[in-house]
Amino acid sequence: MAVTSDHPGPPRFLPTGERTELAPRDPDPDATYAWRVADAPPDSEATVGDAPVTEFTPDVPGRYLLGLDAPDGDHLLTVCAFPASYEGVDVAGGSGTAIRDRDADDAPVEYAAREQHEGVGRPRVRVDASVAFDGEESAGQATEYPSGESAGEAVFTAVPTPNPESTLDADDLTVTFVVDDRDVETAVADGRSNPRDALRVSGDGRELRVPLDAVPDRLRVHAVAVARDPGEDPRVSVADAAAVERVDDDAASLDEGAGGEAALTPGAPDFRTQRLNEPPGWTRDASVYEVFVRTFADAEEGEAFDAIAERIPQIAELGVDTLWLTPVLGHDGKPHGYNIVDFFDTADDLGDRDDFEALVDTAHDHGMRVLFDFVANHTARDHEWFRDAYQNPDSPFRGRYEWQESGEPGTYFDWELIANLNHANLDVRRFLLDVIDEWAPLVDGFRCDMAWAVPDSFWRELRDRVKDIDPEFLLMDETIPYIPGFHEGMFDVHFDATLYFQLRQVGRGAEPAATVLDAVDQRAEIGFPDHAEFLQYIENHDETRYRVECGDAAAAAAGAAIMTLPGVPMVYAGQEIGQRGRRDAIAWDHAREEVRDRYERLLETRRDHPALGPAGELDRVGYHVASGNLSEQPIVASGDVHPDDVVAFRRRDGEEELVVVLNFAPADASVAVELDHGERDLVTGNRCLVEDGEGTERIRVDEVAVVRVME
């Protein structure tokens, strides 16, 4: 359902005092756009700017309507403002604004360390859609109209969940629904009733209903949960959204095999429902393999794509199913490729476009999806725009970049070879949308570089643009530290640099192994919804190899951690063979086969046991650690194994329960777990049950053991 419009997109939910960027979508740089505040709470003095891309900051709580006069008509955007309450809980209330606005003299943010927050974090909410007919009831509310006429309705149900650290129950939370302004506009233009005039909300505030005759081709409803803890200002969740869509026969036949986000409505074949912020269904089983394209195959100039394609069968045999390629576009000659000079063609040193498309086809032929590394924050300083604009105030490209008072371009971290784009410039936005249209049809998703540095409004537009064509298209953000608000109509999967950092701390011996569970718990504590997914990794092209910093034993356990904790695991090329160099050519001829065998077994175990995946629940369990010396009485740690080197936890879904034990120490440990469990390790297939000198049954574990829990 790809529809282009200048409408600025979904409603916004903000704390007072936080600004949001407003931008027309699919813009014509030569057109005229004008913003206004069409309606506001009585005490508000908030205004908007005169530029086509401007900012708005709500100054009092309440509901605002912002108007956009555009070439295709007049559009309205709802902004719901709540009392500010996010200090110390999240970054700028859930957006990247505070990070983007940091001054060069500000103290650095520690890389991905666990956030220290005061007070109670945000609640969470999930919104689902359904269609009900002929007086059917949902949540205790019948579809009968006051006139007595019985008819079909689109039903939107919100399930709020308190923050894990809150003393509130779910019943204490309230829900705020907003019907998408775009669909109100479409319904009225089609001659239907205004959905906002026709809707009804249940007495408990958890359900919104709209008669089907007021539903246009698509009706999207957004909602937030609001928590009012004693003595606290209101806390507002990341918004969730769902849609009811009308479908024709062709769309219905396509839907039958789609899976993932969209589903036909049982008993209502003319409609389907969709959870708009749900990651693609295939990510629940996904495992990612990152390729640093310029050294992966140590190929001759212009032959890298072909050389990578030749390795695809070997990569697929490892058991991964998603290939992330670092940037493949024309660049300034630096090996990482993130300084781009040509956004519409591949880099000469890698191969031509036909070679790239052949590589993607080869990956698809081997059951692998491909992620394109999309750079939207900057260009190289060798880009033709910048060369013309630098030290040239009269350049037609001057306004396409950010500039410092010194006359140098805006940049981050004193990077000298890039220049930040000005996303408030319509030429820049038009250009980047054209880049998206160029490459998205060829691949299965984008890994979005420096996502925190690009305005939220752009990512929201990108999401709608690609998802309207392919709901299964994956969007993954590199945002460090991660931001819960980036799951609000922007991204599906988020880099979990917090877990990465904690695994490094454990490997160094600086933190107990059990703190990796704290890192996972933090996701919900700072407000990520339960349906958010996370990329779990222990190394990548920017970081020292884990085994170099922490040793082989800890590296084995850390690699097992990302395969058994809830998330999407990633292997950085060479990690699976014991590579030591971060960006060196992969030493295929010196591969450590025992390391590869271990990763193959871990990936196979994860595939065979969905309880280990993102949908499986994670629970803490009681456990007691000893060294591998079973004659110890009483049980104490040896010099090679300390209790802090080990962590045990339970993973479960509706089909099975598993206990996982990770051991970061260089020697075997024997671990008594307070659960009845089997005797065989599912990773190796070997018996792992032993008895200590007191007759206590323990799990003998080298780096990892995964054992079934017995009923």
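The model shown is predicted, which means the values in this text are computed figures rather than measured ones. (Residues numbered from 1 in each chain as written. Predicted model: local features only at pLDDT ≥ 70, side-chain atom pairs only at ≥ 80, totals over all residues. Heavy atoms only, no water.)

Asks: Break down the sheet that holds strand β3 (residues 34-39) for me, with residues and values.
Replies: Reading across the sheet, the four strands line up as β1-β6-β5-β3 and stay open at both edges, with mixed pairing between neighbours. The open sheet has two edge strands with one neighbour each: β1 (12-15) and β3. Across this sheet, the average inter-strand angle for adjacent strands is 30°, counted without regard to direction. Here β1 runs beside strand β6 (residues 73-82); their pairing, made up of four bridges, is parallel. Across the sheet, residue phenylalanine 13 finds its bridge partner in β6, namely cysteine 80. (Pairing = 2+ DSSP bridges. Helix = DSSP H or I, 4+ residues; strand = E, 2+ residues; numbered from the N terminus. Axes fitted to C-alpha atoms, helices over the stretch in contact; angles between N-to-C directions.)

Asks: Run through helix α13 (residues 552-564), naming residues and quoting values.
Replies: The first and last C-alpha atoms of α13 sit 19 Å apart over 13 residues, in line with the 18 Å expected at 1.5 Å per residue. Among all positions of α13, only Ala554, Ala555, Ala556, Ala557, Ala558, Gly559, Ala560, Ala561, Ile562, Met563 and Thr564 are buried. (Expected span 1.5 Å × (residues − 1). Buried < 20%, exposed > 50% of the residue type's maximum accessible area, 1.4 Å probe, protein only.)

Asks: Summarise helix α8 (residues 426-439); cite the residues concerned and give the values.
Replies: Each full turn of the α-helix corresponds to 3.6 residues, which orients residues three or four apart in the same direction. Across its 14 residues, α8 extends 20 Å between first and last C-alpha, which sits within 8% of the 20 Å expected from 1.5 Å per residue. Across the 14 residues of α8, ten count as buried, placing the element largely inside the fold. Residues of α8 that are buried: Leu426, Val428, Arg429, Arg430, Phe431, Leu432, Leu433, Val435, Ile436 and Trp439.

Asks: How would you sum up the packing of α8 against helix α9 (residues 456-467)? Please name residues and give values.
Replies: Closest axis-to-axis distance for the α8/α9 pair is 11 Å, and the angle between their directions is 35°. The two elements α8 and α9 meet at a crossing, and its hand is right-handed. Residues Arg429, Arg430, Leu432, Leu433, Ile436 and Asp437 of α8 form the contact with α9, whose participating residues are Ser457, Phe458, Glu461, Leu462, Arg465 and Val466. Looking at the contact of α8 with α9 residue by residue, the classes come out as six nonpolar, one polar and five charged. (Left-handed = near helix turned anticlockwise from the far one by under 90°. Contact = heavy atoms within 4.5 Å. Nonpolar A, V, L, I, M, F, W, Y, C, P; charged D, E, K, R; others polar.)

Asks: Which residues make up the side chain of arginine 598, and what values go with them?
Replies: Along the polypeptide, arginine 598 turns up in helix α14 (residues 593-608). Excluding residues within four positions of it along the chain, arginine 598 makes contact with Ala556 and Glu703.

Asks: So what's going on with the packing of aromatic side chains? Which residues, and what values?
Replies: Here the structure, examined in full by the defined rule, presents 31 aromatic pairs. Each ring, one from phenylalanine 296 and one from tryptophan 588, has its centre 5.3 Å from the other, and the planes form 80°; the classification is edge-to-face. Of this pair, phenylalanine 296 sits in the loop between β19 (288-291) and α5 (304-318) while tryptophan 588 sits in the loop between β30 (568-572) and α14, and the two are 292 residues apart along the sequence. Note on phenylalanine 296: relative accessible area 1%, which makes it buried. When the centroid spacing of 5.9 Å and the interplanar angle of 75° are considered together, the rings of tryptophan 324 and phenylalanine 495 count as edge-to-face. Residue tryptophan 324 is located in strand β20 (residues 322-325), and its partner phenylalanine 495 is located in strand β28 (residues 493-495); the two are separated by 171 residues in the primary sequence. Residues tryptophan 324 and phenylalanine 495 agree in their burial class; the two are buried. Each member of the aromatic cluster is reached from another via a ring pair, and the members are Phe305, Phe356, Phe372, Phe374, Trp439, Phe446, Phe458, Trp459, Phe473, Phe486 and Phe491. The residue whose ring lies beneath arginine 398 is tryptophan 403, and the NZ or CZ to ring-centre distance is 3.8 Å. (Phe/Tyr/Trp six-rings, centres within 6.5 Å; stacked < 30°, edge-to-face > 60°. Lys NZ or Arg CZ within 6 Å of the ring centre and 35° of its normal.)

Asks: Which residues make up the nonpolar core, and what are the values?
Replies: If you look at the biggest cluster of nonpolar residues, it comprises 117 residues, and the most contacted ones within it are Tyr289, Phe374, Phe446, Phe458, Trp459, Leu503 and Phe664. If one sorts the elements of this core by residue count, α13 sits on top with eight residues. Every residue in contact with tyrosine 289, bar those within four places of it in the chain, is listed here: Phe296, Ile315, Leu318, Val320, Thr322, Leu323, Trp324, Val571, Ala573, Gly574, Glu576 and Trp588. With 23 residues, the next largest nonpolar core counts Val127, Leu212, Ala214 and Ala223 among its residues. (Core = buried A, V, L, I, M, F, W, Y, C linked by side-chain atoms within 4.5 Å.)

Asks: Could you give an account of the sheet that holds strand β13 (residues 207-211), with specific residues and numbers?
Replies: The sheet built from four strands is open, its strands ordered β7-β10-β13-β12 with antiparallel pairing. The open sheet has two edge strands, β7 (124-132) and β12 (200-201), and neither has a second partner. Both β12 and β13 contribute to a ladder of two bridges, which runs antiparallel. Looking at β13, one finds that valine 201 is bridged to leucine 208.

Asks: Please provide a residue-by-residue account of the environment of serine 193, values included.
Replies: The topology assignment puts serine 193 in the loop between α2 (181-189) and α3 (195-198). Through-space distance from the C-alpha of serine 193 to that of aspartate 213 is 7.3 Å; in sequence the pair is 20 residues apart. Aside from chain neighbours lying at most four places away, what touches serine 193 is Ala187, Asp213 and Ala214.

Asks: Tell me about the confidence of the model for the protein chain, and name the residues and values.
Replies: Scored by pLDDT, the protein chain has a mean of 90; 88% of the residues are at 70 or more. Counting contacts from residues 102-111, a segment whose pLDDT is below 50, to residues more than four positions away or on other chains yields eleven contacts. Between residues 256-260, whose pLDDT stays under 50, and residues either more than four places distant or in other chains, the model counts six contacts. (pLDDT = per-residue confidence, 0-100.)

Asks: Break down the pattern of salt bridges for me, with residues and values.
Replies: Counted under the stated rule, the structure contains 55 salt bridges. One salt bridge in this structure joins arginine 220 and aspartate 183, with 2.7 Å as the shortest N-O distance. Taken together, the positions of arginine 220 in strand β14 (residues 218-227) and aspartate 183 in helix α2 put the pair 37 residues apart, joining distant regions of the chain. Across this residue pair, the class does not change: arginine 220 and aspartate 183 are buried. Among the salt bridges present, the one from arginine 294 reaches aspartate 349, with a minimum N-O distance of 2.9 Å. Of this pair, arginine 294 sits in the loop between β19 and α5 while aspartate 349 sits in the loop between β22 (340-346) and α6 (353-365); the two residues are 55 residues apart in sequence, bridging distant segments of the chain. Relative accessible area serves as the criterion here: at 15%, arginine 294 is assigned to the buried category. (Salt bridge = Lys/Arg side-chain N within 4 Å of Asp/Glu carboxyl O.)

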